[in-house]
Amino acid sequence: MDKNFQEEFTQIIKFEPPLYKQRHQFVKDLVEKYKPKKVADLGCADCSLLWMLKFCSCIEVLAGLDICADVMKEKMHRLSPLPVDYLQPSERSLTVTLHHGSVAHKDPCMLGFDLVTCIELIEHLEESELKKFPEVVFGFMAPSIVVISTPNSEFNSLLPRVMLYRHPDHKFEWSQAQFQSWALETARCYDYSVEFTGVGHPPTGMEKVGFCTQIGVFFRKYPQTGESVQSEEPMEGVYKTVFKAVYPSLKDEKYLQNAVISEVIFTAQIIKYRLMSKREEYGDDPERKSKFQPSGMDCFSDCLGKLVVEKNMEPFISGNEVYIPLTTIFSFPKVNRLCGTFEKLCKLIAGKVTLSSDGSAVMLSIEHENEEN
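Being a predicted model, the structure only gives us computed values, none of them experimental.

Scoring rules and cut-offs
Residues numbered from 1 in each chain as written. Predicted model: local features only at pLDDT ≥ 70, side-chain atom pairs only at ≥ 80, totals over all residues. Heavy atoms only, no water. pLDDT = per-residue confidence, 0-100. Contact = heavy atoms within 4.5 Å. Buried < 20%, exposed > 50% of the residue type's maximum accessible area, 1.4 Å probe, protein only. Helix = DSSP H or I, 4+ residues; strand = E, 2+ residues; numbered from the N terminus. Pairing = 2+ DSSP bridges. Polar contact = N/O pair within 3.5 Å; in protein donor to acceptor, adjacent residues only side chain to side chain. Phe/Tyr/Trp six-rings, centres within 6.5 Å; stacked < 30°, edge-to-face > 60°. Salt bridge = Lys/Arg side-chain N within 4 Å of Asp/Glu carboxyl O.

Parts of the model with low pLDDT should not have their predicted coordinates read in detail. The share of residues in the chain with pLDDT of 70 or more is 83%, and the mean pLDDT across the chain is 87. This model gives residues 5-11 a pLDDT under 50, and the stretch forms 18 contacts once residues within four places in sequence are excluded. Confidence over residues 289-311 falls short of pLDDT 50; this stretch has 42 contacts with residues more than four positions distant or in other chains.

If you want it as structure tokens, here you go:
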């Protein structure tokens, strides 16, 4: 719903942070607790909740559904990857999709979600839609967790400007008893349990009116079987996809390769710099000038100093070339974490980084440094 419209009616009782932010934070806290990988927001409107959730590292699939495509399109650009997402791809994959459609209709694109949120949605539904809603969400989609929030009509007496409902599009607003009765019956029918809470505390001394926004958190009691899903699945989808974004990820070989190449070159350049500095420090001393000796002069050298440098892992200078063994580069935590195995490192940089004739070391030229000197 229009959060600005609702906040207009809560000026006398000041909620800090604003009520819509408290609802969003409630969902975020739930995500951080249960770590769902796939989350769908029904009635996503301006996509503000989806935008917040895209930063949760556990989520790999985000989907939004709303009956009004224009409202989604106004803000959906915020869900697109930014340039920094391509420069520094995340280790997780993330796909964000928005659909235009009604929560009273079933579509197979909404199957397989761990968490489904319905924030300030049900009060906008016509009676016929509300009757179909439980079967669509709890029977067909059947996620592990469902979060439903809705206005508590008992709180309306504390909002002077509210005559009947808080929003002109609301078809009803339930009391605590009405919402809990509906929620408990729905949970019973579809084998869920439900816990009641809310956001927006009443003033001191008026606790009986309850939260301004009442919330039901439903947990599926038993794992859903594949057969029950398949028997309910319609032959074709009824929703229209209006937006889709696939974020760059290190799980994609292309982005992983770019990240590894960049890190290998960066690591090799730092090692080369330290080696050249040692050579300048020791001059023409044949015993010491080409030895790479890690020190604790900076944070990068601290990492080098922790390595167990064997004879075959020592970088060296030959002519106008610096040779940095791949085994040395692979020993660095970030390179190691990105590649996992030494074989993977070799595969990802093959043909992309200049190597020695036997392929065991990265080669970097020092001609440029000599010209500068």
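Anyway, onward from the coordinates.
Before going further, it helps to examine the pairing of strand E10 (residues 321-325). Counting buried residues in E10 gives four out of five residues, a clear majority hidden from the surface. The pairing of strand E9 (residues 316-318) with E10 spans three bridges and is classified as antiparallel. Opposite Ile317, over in E10, you have Val322 as the bridge partner. Adjacent in sequence and paired antiparallel, E9 and E10 are bridged by two residues, among which Gly319 carries a positive phi angle near 65 degrees. Where E10 meets strand E11 (residues 361-365), five bridges bridge the pair, whose relative direction is antiparallel. Along E11, the bridge assignment pairs Ile324 with Val362.

Another aspect to go through is the side chain of His167. Here His167 is to be found in the loop between strand E5 (145-151) and helix H7 (176-189). In this structure His167 comes out as buried when scored by relative accessible area, which is 12%. A polar contact is formed between the side chain of His167 and the backbone nitrogen of Asp169, at a distance of 2.9 Å.

Turning our attention to the packing of aromatic side chains. Within this structure, the stated rule accounts for 15 aromatic pairs. Here Trp51 and Phe55 contribute two aromatic rings whose centre-to-centre distance is 5.1 Å and whose plane-to-plane angle is 80 degrees, an arrangement assigned as edge-to-face. Overall, Phe55 belongs to the exposed group, its relative accessible area being 54%. Members of the aromatic cluster, joined through ring pairs, are Phe133, Phe172, Trp174, Phe179, Trp182 and Phe196.

Here the focus is the pattern of salt bridges. Counted under the stated rule, the structure contains nine salt bridges. The closest approach of N and O atoms between Glu127 and Lys131, which form a salt bridge, is 3.9 Å. Pair noted here: Glu127 and Lys131 are both in helix H6 (residues 127-141), with a separation of four residues, about one helical turn. Where Asp169 meets Lys171, a salt bridge forms, and the shortest distance between an N and an O atom there is 3.1 Å.

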